Amino acid sequence: MSELPRQLSARVDDRLAADLKALAPTGLSYSEIVKRAVRNFAELYQVAVQNGVARPNEIPIPIAYKYALPPLPQPPRTGVLNLPRLPLASKEN
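Read on for an overview of the structure.

Criteria and thresholds
Residues numbered from 1 in each chain as written. Predicted model: local features only at pLDDT ≥ 70, side-chain atom pairs only at ≥ 80, totals over all residues. Heavy atoms only, no water. Helix = DSSP H or I, 4+ residues; strand = E, 2+ residues; numbered from the N terminus. Rg over C-alpha atoms; globule rule 2.2 N^0.38 Å. Areas by Shrake-Rupley, 256 points an atom, 1.4 Å probe, with all protein chains shown as cover. Lys, Arg positive; Asp, Glu negative; His and termini not counted. Charge placed at Lys NZ, Arg CZ, Asp CG, Glu CD. Salt bridge = Lys/Arg side-chain N within 4 Å of Asp/Glu carboxyl O. Buried < 20%, exposed > 50% of the residue type's maximum accessible area, 1.4 Å probe, protein only. Contact = heavy atoms within 4.5 Å. Phe/Tyr/Trp six-rings, centres within 6.5 Å; stacked < 30°, edge-to-face > 60°.

1. With respect to the overall build of the chain
Helix and strand counts for the chain stand at 2 helices and 0 strands. Compactness check: the chain gives a C-alpha radius of gyration of 26 Å against a globular reference of 12 Å for 93 residues, more than 25% above the reference. With the C-alpha coordinates of the chain rotated into their principal frame, the extents come out at 80 × 35 × 35 Å. For the chain, the exposed surface amounts to about 10100 Å²; the carbon and sulfur share of it is 58%. When the 12 basic and 8 acidic side-chain charges of the chain are each reduced to a single mean position, those positions are 8 Å apart.

Given below as structure tokens:
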């Protein structure tokens, strides 16, 4: 396989502009949005081909989604910590 370029470009048409605008609230840069989109597409394709859903020359069309969100930050824990009282070993020799 030939070496890939270090930088790619794509013409921003109305559809891509709308998609980028929709993803802007994530706080990701345009570059990171494109990288994640390509990664998601590659994973969808690879899983479909590996499982025999699509042939290597076919682009699968997803029909269902399953989402997993990162865990929410937990609030700081405050208050008293009640530890069990353990008997101390005597120092008898």
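2. Examining the pattern of salt bridges
Evaluation of the coordinates by the stated rule reveals 3 salt bridges. Here Arg36 makes a salt bridge to Glu32, at a shortest N to O gap of 3.4 Å. Of the two residues, Arg36 and Glu32 both sit in helix H2 (residues 30–50), 4 residues apart, roughly one turn of that helix.

3. So, the environment of Ala48
Along the chain, the position of Ala48 falls in helix H2. We classify Ala48 as buried; its relative accessible area is 8%. C-alpha separation for the pair Ala48 and Ile63, spaced 15 residues apart in sequence, amounts to 12 Å. If we ignore the near neighbours within four places in the chain, the residues touching Ala48 are Val53, Ala54 and Pro60.

4. Brief notes about the environment of Leu23
With respect to the element layout, Leu23 can be found in helix H1 (residues 14–23). According to the relative accessible area criterion, Leu23 is partly exposed, its value standing at 40%. Distance from Leu23 to Ser9, taken between C-alpha atoms, is 19 Å for residues 14 residues apart in sequence.

5. What to know about the packing of aromatic side chains
This structure, assessed with the given rule, holds 1 aromatic pair. Summarising the aromatic geometry, the rings of Tyr65 and Tyr67 are spaced 6.1 Å apart at their centres and angled 15° between planes, so their arrangement reads as stacked. Judged by its relative accessible area of 62%, Tyr65 is exposed.

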